[in-house]
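Inside the fold
Below, each chain spelled out in residue letters.
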Amino acid sequence: MKSAQAAAKGGQEPLVPADAHGAMVHRLRRGYRQRRLDVDLLRKVLVAFIHEEVHKVGMRRAVLGVSGGVDSALVATLAAEALSPEEVCGILMPYRTSNPRSSADAETVVRHTGIRSLRLDISAQIDAYFAGHPDATALQRGNKMARERMSILYDRSAALGALVLGTSNKTELFLGYGTIHGDLASAINPIGDLYKTQVWALAAAMGVPAAIVDKHPTADLWEGQTDESELGFTYDEVDELLHFMVERRYRHTELVELGFAPAFVTRVEELVTRSQYKRRMPLIAKVSGRSITHDFRYPRDWKR
Amino acid sequence: MTTKTATAMESAAGQGLRSLRLGLGQIAPKLGDVQANLELHLETLERARTQKTEMLLFPELSLAGYQLRDLVPDVAQDRRSPELLRLVRESRGLCLGFGFVEEAADHRFFNSYAFCQDGRLVHVHRKAYLPTYGLFEEGRLYAAGEHIRAFDTRLGRLGVVLCEDLWHPSVLYVLSQDGADLVVAAAASPLRGADVGEEHSNVDVWATALKMYSQLFGCFMVLVNRVGFEDGLSFWGGSRVLAPGGRSCFEAPLLEAGLFTCELDWNEVRRTRVSDPTLRSERLELTLAELHRIRRERRQAGPSELVDPEAER
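I will try to describe carefully the structure that is included in this document.

1. Some words on unusual backbone geometry
- Its identity is not glycine, yet Arg249 of chain A carries a phi of approximately 60°, on the positive side.
- Within the fold, Arg249 of chain A resides in the loop between α12 (235–247) and α13 (252–257).

Here you go:
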């Protein structure tokens, strides 16, 4: 498990500082590292969530993109348990420059969970589009690929009568590290409230193969890309910061006093603020007395 | 043990053991579908009846669902509503508690809990503390109840609290002083926190509070919490019963729907209050006097501490 490895690497526990302030900081950060996820409870909740939400809307199947990464591997595992493997379809959607390791790992996930699968290479449609836009940036190409995959998932959703499962974790959602209307799009997302390090822990506990849990996370949108080198910090680091910032509501000055570098705190605050639009529905200009999203407030599970 | 001797003596005097069979309807109501939920209540009630259940309890808003938002007026029950009347009528031969949205004659809505016995409505508790923070928005949906009252049933003297009410020790204090031997805490509590032994997990707070109240007030504490999902909220179930003194009598599984039955040793109330007579020594007048003083001082303090007291000179 990634976080355990990191803890082991940094193995030598720093000595407890003698002054009260330092000792308190030491205790707080040690408290974070010693947290243990109740994986049995979490597994039960997320399996039941998938089962109930799929059946509520009158379906019994689910479809998801399987990338070879740990997020989709975990969702595939949860879905197979919730709906039975035959009712889950994992779709592999490589592009011609995708790392072959991703495809191989995706095949491993399919074999390991026993879910059905479908392989659809997206190179033809992506290349056809960018033939007319040869100067497109890597980011544009990556986003287009993510949306092409979304478009395929929703097409297969209609064809199979299957709900689209989301595979974005809480860390990505906070940092805005995903493509709006691309990989961020889904009907239901069982892991959207789990930080990346928690995804690792739950995936390991649920028997996702170690090769997938332990590898460096990558969006695989261009060659050699890894999340952590692109973001400039590790998931272990940012998850600890987000824990104190979001879950525990520590303020900027307090975070710096806890030992997080001021520039790191500012950067993450900016990423979270700037990507808020990705986490919300489009804004609707209110001109009537009762407007959708403003004051027409019905639950989505309305009579479900 | 003194307890054993006391029991033996009571039996000799015709004060034998008294049991109470309790049914906990840990159900997953359908959000905003009163008709479907009425059916679910009636099915559960039928099963409870064949098991000779004496008191059947459902969770908060069991007839309506929880995260209602704009659905509140659509699912509200008034004194003529057929679903409410039907459930009251169905309580013949037992005691029955269920949650619903109540519409008052002046069209205010309340998050309410009905307690019926033998076909009659005995008590309605209107939720006094409406959580309006974080994911909760009850303050914009409901009016707050103005009463906290214990009431008599043929099984004993009871109190009812709804979810957030339990997080206010004053509510339990009042019910204790009003003579409740058993407090029903009906809840629609969503899971918040999944770390082992996490101090912020609300399941942990509930467990601690229920145990503490049953110990300090010498009463039965019964939690009946719902299960199921609404818009991504997961209600954790885990309905449970604590005997006076804090002993755990029964604990339903987390997240699983079902009718769970357990038997209470009713005389535990008396035994506990004999050995720990905190209720006897409680000083209502002292509490009242101090509360009056605090209220007086708050009023005297003025509207805001931001105002510079020197500025008026």
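Anyway, onward from the coordinates.
2. Remarks on the packing of helix α4 (residues 70–83) of chain A against helix α9 (residues 196–205) of chain A
Residues and elements named next belong to chain A.
- At their nearest, the axes of α4 and α9 sit 10 Å apart, and the two run at 50° to each other. As the angle between them shows, α4 and α9 are arranged oblique. Our pair here, α4 against α9, has a crossing hand that is left-handed. Residues Val70, Asp71 and Leu74 of α4 form the contact with α9, whose own contacting residues are Lys196, Val199, Trp200, Leu202 and Ala203.
- A per-class count over the contact of α4 with α9 returns 6 nonpolar, no polar and 2 charged.

3. Quick notes on the pattern of salt bridges
- In the structure shown here, the tally under the stated rule is 39 salt bridges over all chains.
- Between Lys56 of chain A and Glu53 of chain A there is a salt bridge whose closest N-O contact spans 3.1 Å. You can see Lys56 of chain A and its partner Glu53 of chain A sitting in helix α3 (residues 39–56), 3 residues apart, about one turn around the helix. In terms of burial, Lys56 of chain A and Glu53 of chain A fall into one category: buried.
- Here Asp178 of chain B ties to Arg157 of chain B by a salt bridge, and the two come within 3.5 Å at their closest N and O atoms. One end of the pair, Asp178 of chain B, is in the loop between α5 (169–177) and β8 (182–187); the other, Arg157 of chain B, is in strand β7 (residues 157–162), and 21 residues separate them in sequence.
- What makes Asp178 of chain B partly exposed here is its relative accessible area of 28%.

The rules behind the values
Residues numbered from 1 in each chain as written. Chains lettered and ligands numbered in written order. Predicted model: local features only at pLDDT ≥ 70, side-chain atom pairs only at ≥ 80, totals over all residues. Heavy atoms only, no water. Helix = DSSP H or I, 4+ residues; strand = E, 2+ residues; numbered from the N terminus. Axes fitted to C-alpha atoms, helices over the stretch in contact; angles between N-to-C directions. Parallel < 35°, antiparallel > 145°, perpendicular 65-115°, else oblique. Left-handed = near helix turned anticlockwise from the far one by under 90°. Contact = heavy atoms within 4.5 Å. Nonpolar A, V, L, I, M, F, W, Y, C, P; charged D, E, K, R; others polar. Salt bridge = Lys/Arg side-chain N within 4 Å of Asp/Glu carboxyl O. Buried < 20%, exposed > 50% of the residue type's maximum accessible area, 1.4 Å probe, protein only.

Honestly, it's all geometry; don't read function into it.
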